[in-house]
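Summary of the model geometry
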Amino acid sequence: MKILIAEDETSLQESISSYLEREGNICEVASDFGEAYYKVDLYQYDVVVLDINLLNGSGLDILRKLKSGRKETAVLIISANNSLEDKLEGLNLGADDYLTKPFHLAELNSRIKAVLRRGRFGGDETIVFNQIKIDTRARTVFIKEKEVTLTKKEYDLLLFFITNRNRVLSKEIIAEHLWGDHIDLADSFDFIYVHVNNLRKKLTEEGAKYIRTAYGSGYKFTEE
Amino acid sequence: MMVLSCIGLYFVTRTILKNEIEEDLYSTENRVEHILKNHGILSSLPPVIEIRETDKIYPEYLKDTIIYDPSQDEMELFHELSTFQNINGLNYRITVRAMVVETEDILLAVVASYIGILILAFLILYYFNKSRNRNLWAPFFENLSVMKRFSLPSDFPIELKESEILEFSELNREIRTLTNKVRDDYRNLKQFTENISHEIQTPLAIIQAKVEHMMNGDGLDNQQFDHLASIQKDIHRLTNLNKKLTLLTKIDNKQFQNLEQVSIGSLVEEVVDNFRELSDAPIALKREGEPCLEMDVHLASVLCTNLIANALKHGGKKSGVQVTTGEKKLSVSNAGMEALPNPEKLFGRYYTGSRARGTGLGLALVQSICDLYGFLLSYRFEDNRHVFEVDFKPG
């Protein structure tokens, strides 16, 4: 995948690009409005990660430019502004998703993959990881062709794990992914433990032992 | 003063009248005497003049007497002068009487005229002052209504009517300076809260990204990982605080104009379901009424979420939370040992009552939303439970 990261904070830009490159993507960066506009005009990207508040201009203008052309580019807005109106405007203009800063890189990664999976960009709606097969349209999971019944949260958790495999995920990251704004309760972390354990049990029963504990309190989905 | 002069006037009038009557009596008596001397005969004219022959001569005397007056059919007070004269060899008693104006009548007349004058003076002064004051204070009242209509968020400065009165124009000048200062401060504050979101969230995003990088780096031990996870937790807290503050500011600025019909019952059910996924605390929902309100959906959800989250956070985890919707109210309660010590501070900003770590903005948000829509938020301690209740249609 070829990804453009239009973000004027260089250190955030570097973090995003190095995280996404580890997933095997090719990342290019743009540090201001002019550079982003120029690159979007000249090259073809699969995904543009777009900051709305760019130096010298608004990311929304780049979004308009992208959507006016015939280019099949997925756009994911990252913004420091969490106002609903901005979000709606961005999505109305054709953005595929909207993420408010600060966000977890794992979350950004899973959002990008979700956007690409949607048929519009020619993505595959099924995810295969060894013997695990996930049909993201029907929200069903098969292990060795046998369907495994998961709760809604367990399904979300599995998808999040697989899209961020080989990464260490803290409970904080998982909690924010599963519950978003709702987590204001410190003890929701105990609940993560319950959900992860249930999922791990169901997978292990079918011989898929991939969820491992990392550093005592974190998790990692890995083959090793 | 008025009473004294009234009394004085009464006595003066009475004396004058009395003197006049006496003078009149004497002159009438003289005339009668004169006629008797010259013509020798004069019949009586009762009750005014009475002439009688007597055998002896007595000294003259003056007295008051009450006589029945047949023409008016009532008893009247008369002043009477009787003299005894020897005219042409005969002894006569000549009695002349004059009707006396009764004391009560004088008093009444005096008091009545006084009251009349007073009322007249009062009325004239009242209308005179009123019309004068109206003209004089017109610019003041006009400016007062301008000030009442003045709203801080508006983009226009206050427009006051000029006045020729020195004090008023001075007042106008001060009001103008004051409102301009307040408007500037308000704009700056608004600008600040709008900017802070961007200014704080971007560095937070960078910190967050770096922390995640470190988590995936090599050579980390468990303790370091825990530190990093705890940093993530605090970043989340800061983000939450920031979000709530921006939301509060937006509510205060009345930026939520998107009204819809919101069914509180089903909204609460949705929120409760969300919480059930998040916590194993028992949440009991009783839908006794189905209030339907015209408000912003997002704010309605914030209202319900914060009320329930508050109950869960403060002791509702073990004993559970009871959520009840009524015809026009929503109440959320959790068990407690005793009433909270500072109920008036509960709905203020940054007030955290117990050890529970929160932003201290949850209930402030609820209060803000209630203020915006005219709901009444109240706290009471009842049957060993803390009850928070929102009355959607108070009064």
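All of these numbers come straight from a predicted model, not from anything done at the bench.

Brief notes about the overall build of chain A
- Along chain A, the regular secondary structure elements total 8 helices and 14 strands.
- Here the analysis covers contacts within chain A between residues at least 6 apart in sequence; of these, 53% occur between residues at least 24 apart.

Let's talk about the overall build of chain B
- The helix and strand tally for chain B stands at 7 helices and 11 strands.
- Within chain B, residue pairs in contact and separated by at least 24 positions form 64% of the contacts whose partners lie at least 6 positions apart.

A few points about the confidence of the model for chain A
- Averaged over all residues, the pLDDT of chain A equals 86, while 92% of them reach at least 70.
- Per-element confidence in chain A is highest for strand S2 (residues 26-30) of chain A, whose mean pLDDT is 94, and lowest for helix H4 (residues 84-92) of chain A, whose mean pLDDT is 79.

So, the confidence of the model for chain B
Residues and elements named next belong to chain B.
- On average, residues of chain B carry a pLDDT of 84, and 97% of them reach 70 or more.
- When the elements of chain B are averaged for pLDDT, strand S1 (residues 49-53) gives the smallest value, 79, and strand S11 (residues 385-391) the largest, 91.
- Reported for the predicted complex are a pTM of 0.68 and an ipTM of 0.88.

Section: the interface of chain A and chain B
- At the interface, 35 residues of chain A touch 36 residues of chain B.
- Residue assignment for the side of chain A that touches chain B shows that the elements contributing at least two residues are helix H1 (10-21), helix H5 (105-117), helix H7 (171-179) and helix H8 (188-205) of chain A.
- When the residues that make up the side of chain A that touches chain B are grouped by side-chain class, the tally is 14 nonpolar, 12 polar and 9 charged.

A word on the nonpolar core
- In terms of nonpolar packing, the biggest core is built from 102 residues, with Ala6(A), Val48(A), Val49(A), Leu50(A) and Ile308(B) touching the most fellow members.
- With 10 residues, the top contributor of residues to this core is helix H6 (residues 297-319) of chain B.
- Residues contacting Ala6(A), with those up to four places away along its chain left out, are Ala30(A), Ala36(A), Val48(A), Val49(A), Leu50(A), Asp51(A), Leu54(A), Gly59(A) and Ile62(A).
- Among the nonpolar cores identified, the runner-up in size contains 7 residues, and Val32(B), Leu81(B), Tyr92(B) and Ile94(B) belong to it.

A closer look at the sheet that holds strand S13 (residues 211-214) of chain A
All names here are of chain A.
- With antiparallel pairing, the 3 strands of this open sheet are ordered in space as S12-S14-S13. The two strands at the open ends of the sheet, each matched to only one other strand, are strand S12 (168-169) and S13.
- Pairing geometry for S13 and strand S14 (residues 218-221), over 4 bridges, is antiparallel. Opposite isoleucine 211, over in S14, you have phenylalanine 221 as the bridge partner.

Examining the sheet that holds strand S4 (residues 90-99) of chain B
All names here are of chain B.
- Pairing in this open sheet of 4 strands is antiparallel, and the strands run S1-S4-S3-S2 from one edge to the other. Each edge of the open sheet carries a strand with a single partner, namely S1 and strand S2 (61-69). In this sheet, neighbouring strand axes are inclined to one another by 30° on average, regardless of whether the strands run parallel or antiparallel.
- Two elements, strand S3 (residues 74-87) and S4, share 10 bridges in a ladder whose sense is antiparallel. Within S4, the residue paired with glutamate 80 across the bridge is arginine 97.

Regarding the packing of helix H2 (residues 33-42) of chain A against helix H3 (residues 59-68) of chain A
Residue and element names in this part refer to chain A.
- Orientation of H2 relative to H3, taken along the N-to-C sense of each, is 10°, at an axis distance of 10 Å. One element, H2, and the other, H3, form an angle in the roughly parallel class. Where H2 approaches H3, its residues Ala36, Tyr37 and Val40 are matched on the opposing element by Ile62, Lys65 and Leu66.
- Here the residues of the contact of H2 with H3 are counted per class, giving 5 nonpolar, no polar and 1 charged.

Looking at the pairing of strand S8 (residues 126-129) of chain A
All names here are of chain A.
- Pairing of S8 with strand S9 (residues 132-135) involves 4 bridges; the strand directions are antiparallel. Across the sheet, the residue bridging to threonine 126 is aspartate 135, located in S9.
- Adjacent in sequence and paired antiparallel, S8 and S9 are bridged by 2 residues, among which asparagine 130 carries a positive phi angle near 45°.

Quick word on unusual backbone geometry
- Following Lys101(A), the chain continues to Pro102(A) via a peptide bond in cis, the omega torsion being -5°.
- Among the structural elements, Pro102(A) can be located in the loop between strand S7 (97-100) and H5.
- In this structure, Asp383(B) takes a positive phi of about 50° despite not being glycine.
- Here the phi dihedral of Asn384(B) falls at roughly 60°; this positive angle occurs in a residue that is not glycine.

Quick look at the packing of helix H1 (residues 2-39) of chain B against helix H2 (residues 103-149) of chain B
Residues and elements named next belong to chain B.
- Running from amino to carboxyl end, H1 crosses H2 at an angle of 140°, the nearest separation of the two axes being 10 Å. When the interaxial angle is binned, H1 and H2 end up oblique. Here the hand of the crossing between H1 and H2 comes out right-handed. Of H2, the residues touching H1 (which contributes Met2, Cys6, Leu9, Tyr10, Thr13 and Arg14) are Thr103, Ile106, Leu107, Val110, Val111 and Tyr114.

Let's talk about H7(A)
Residue and element names in this part refer to chain A.
- The element H7 is largely enclosed, with a buried count of 9 among its 9 residues.
- Where H7 is concerned, the buried positions are Lys171, Glu172, Ile173, Ile174, Ala175, Glu176, His177, Leu178 and Trp179.
- At the exit of H7 stands glycine 180, carrying a positive phi of roughly 55°.

Focus: the pairing of S9(A)
Residue and element names in this part refer to chain A.
- Two strands pair when backbone bridges link them, and S9 and strand S10 (residues 140-143) are joined in this way by 4 bridges, in the antiparallel orientation. If you follow lysine 133 over to S10, its bridge partner there is phenylalanine 142.
- The hairpin formed by S9 and S10 contains 4 residues between the paired strands, and arginine 139 there has a positive phi angle of roughly 55°.

Digging into helix H7 (residues 362-373) of chain B
Residues and elements named next belong to chain B.
- Taking 1.5 Å per residue as the helical rise, H7 with its 12 residues ought to reach 16 Å, and the 17 Å between its terminal C-alpha atoms agrees with that figure.
- Within H7 the residues assigned to the buried category are Gly362, Leu363, Ala364, Leu365, Val366, Gln367, Ser368 and Ile369.
- Directly beyond the C-terminal end of H7, a positive phi value near 75° is found at glycine 374.

Definitions and limits used
- Residues numbered from 1 in each chain as written.
- Chains lettered and ligands numbered in written order.
- Predicted model: local features only at pLDDT ≥ 70, side-chain atom pairs only at ≥ 80, totals over all residues.
- Helix = DSSP H or I, 4+ residues; strand = E, 2+ residues; numbered from the N terminus.
- Contact = placed C-beta atoms within 7 Å.
- pLDDT = per-residue confidence, 0-100.
- Nonpolar A, V, L, I, M, F, W, Y, C, P; charged D, E, K, R; others polar.
- Core = buried A, V, L, I, M, F, W, Y, C linked by C-beta atoms within 7 Å.
- Buried ≥ 20, exposed ≤ 12 C-beta atoms within 10 Å, placed from the backbone.
- Pairing = 2+ DSSP bridges.
- Axes fitted to C-alpha atoms, helices over the stretch in contact; angles between N-to-C directions.
- Parallel < 35°, antiparallel > 145°, perpendicular 65-115°, else oblique.
- Left-handed = near helix turned anticlockwise from the far one by under 90°.
- Expected span 1.5 Å × (residues − 1).

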